[in-house]
Amino acid sequence: MSDFLRRGVFPNFGLKLLSLALAVGLWLVVSHDPPAEVAVEIPIEFHNMPANLEISSENIPRLQLRLRGPQRLIRRLQPADVYAAIDLNALRPGERTFDLTSQQIHQPDGVEVVQVIPSEIHVAFDNRITRQVDIHTRVIGVPAAGYSIGTPSVDPSRITISGPEKHVSAVDAAITDPVDISGAMGRMSFNRHAYVSDPLVQVSNPNPVHVTVMIEKTPAATSAH
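What counts and what doesn't
- Residues numbered from 1 in each chain as written.
- Predicted model: local features only at pLDDT ≥ 70, side-chain atom pairs only at ≥ 80, totals over all residues.
- Heavy atoms only, no water.
- Helix = DSSP H or I, 4+ residues; strand = E, 2+ residues; numbered from the N terminus.
- Contact = heavy atoms within 4.5 Å.
- Areas by Shrake-Rupley, 256 points an atom, 1.4 Å probe, with all protein chains shown as cover.
- Buried < 20%, exposed > 50% of the residue type's maximum accessible area, 1.4 Å probe, protein only.
- Pairing = 2+ DSSP bridges.
- Axes fitted to C-alpha atoms, helices over the stretch in contact; angles between N-to-C directions.
- Salt bridge = Lys/Arg side-chain N within 4 Å of Asp/Glu carboxyl O.
- Core = buried A, V, L, I, M, F, W, Y, C linked by side-chain atoms within 4.5 Å.
- Phe/Tyr/Trp six-rings, centres within 6.5 Å; stacked < 30°, edge-to-face > 60°.

### Section: the overall build of the chain
- Scanning the chain for helices and strands turns up five helices and 19 strands.
- Restricting to contacts in the chain with at least 6 residues of sequence separation, those with at least 24 account for 75%.
- Carbon and sulfur atoms provide 54% of the accessible area of the chain, an area that totals close to 14,300 Å².

Quick look at the structure:
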């Protein structure tokens, strides 16, 4: 017995005692760390989207999750620690329904996904296209008395847009931010951005365009002089 103690226990006895103390301390921490639950809201991430596709659904819901785990882990959760991912590899245009379970949720070790709401989402996908459309000027206000608005000009007169085919094809024209000609006389120049109201359609070149508005005397005002 004394030989066993001399060879098996006493060598590195301090390190062994420290390891035992750490193990006991860890067990005490874990055993006294009650489980806790938390509700979080997270966005859905779409991974491996084919290069020629766009999401054509206007509203993608955020997920409501209930998570359970040791209180110390739940308290330390950060927004970036939990996310949902859907793999779109080899996806084709059309409508798809995706089941949302704990398999799509990525969370820290030791934290369990208790509930996912909604349990599925329906998403439409369409081919991405690019086309050019005319730019129309949005003029507001009334010129000075005896003057009228001539036809505005825009430089450049067209703009490139891109997005889901169905949405892009439905766009008739881009519109400039408003130009106010209240009380104006003569030639007015403005720099304004052009935009498309459909949130799924992007303007390829977001630089301002140059708008010119001619404010001309009305025939009656001219003859009166």
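### Here we look at unusual backbone geometry
- For the bond from Ile117 to Pro118, the omega torsion is 0°, close enough to zero to count as cis.
- Take Pro118: it is sitting in the loop between strand S8 (112-117) and strand S9 (120-136).
- Omega for the peptide link from Asp155 to Pro156 comes to -5°, which places this bond in the cis form.
- Mapping Pro156 onto the fold places it in the loop between strand S12 (153-155) and strand S13 (158-164).
- With phi around 60°, Asn48 is a residue other than glycine that occupies positive phi space.
- By secondary structure assignment, the location of Asn48 is in the loop between strand S2 (44-47) and strand S3 (53-55).
- Positioned with a positive phi, Ala90 is a non-glycine residue whose angle comes to about 65°.
- In this structure, Ala90 sits in the loop between strand S5 (83-87) and strand S6 (94-99).
- By relative accessible area, which is 66% here, Ala90 ends up exposed.

### Considerations on the sheet that holds strand S4 (residues 63-70)
- Sheet architecture is open: three strands sit in the order S1-S4-S8, paired in antiparallel fashion. Of all strands in the sheet, those bounded by a partner on one side alone are strand S1 (35-42) and S8. In this sheet, neighbouring strand axes are inclined to one another by 20° on average, regardless of whether the strands run parallel or antiparallel.
- Where S1 lies against S4, eight bridges are found, and the strand directions are antiparallel. Bridge assignment links Val40 to a residue of S4, and that residue is Leu65.

### Comments concerning the pattern of salt bridges
- This structure, assessed with the given rule, holds six salt bridges.
- Among the ionic pairs, Glu37 bridges to Arg68, the shortest N-O distance being 2.5 Å. Pair noted here: Glu37 is in strand S1 and Arg68 is in strand S4, with a separation of 31 residues, a long-range link.
- On the basis of relative accessibility, which here comes to 39%, the residue Glu37 falls in the partly exposed class.

### Section: the nonpolar core
- One finds Phe46, Leu63, Leu65, Ile86, Ile105, Ile121 and Phe125 to be the most contacted residues of the largest nonpolar core, which totals 25 residues.
- Among the elements of the structure, S1, S2, S3, S4, S5, S8 and S9 are those that each provide at least two residues to this core.
- Not counting residues within four places of it along the chain, the set of residues in contact with Leu63 comprises Val40, Glu41, Ile42, Ile44, Ala84, Leu100, Ile105, Val116, Ile117 and Pro118.
- Grouped together as the second largest cluster of nonpolar side chains are 19 residues, Ala174, Ile181, Phe190 and Val211 included.

### Notes on the sheet that holds S5
- A sheet is described by the order of its strands in space; here three strands give the open sequence S2-S5-S7, paired in mixed fashion. The open sheet is flanked by S2 and strand S7 (105-106), the only strands paired with a single partner.
- Where S5 and S7 come together, two bridges link them in antiparallel fashion. Paired with Ala84 across the strands is Ile105, a residue of S7.

### Notes on the packing of aromatic side chains
- Enumeration according to the criterion identifies one aromatic pair in this entry.
- Centroid distance Phe98 to Phe125: 6.3 Å. Interplanar angle 85°. Geometry classified as edge-to-face. Here Phe125 lies in strand S9 and Phe98 lies in strand S6, a separation of 27 residues in the sequence.
- Owing to a relative accessible area of 8%, Phe98 belongs among the buried residues under this scheme.
- The class for Phe125 is buried, based on a relative accessible area of 3%.

Any link to function would need more than the numbers given here.
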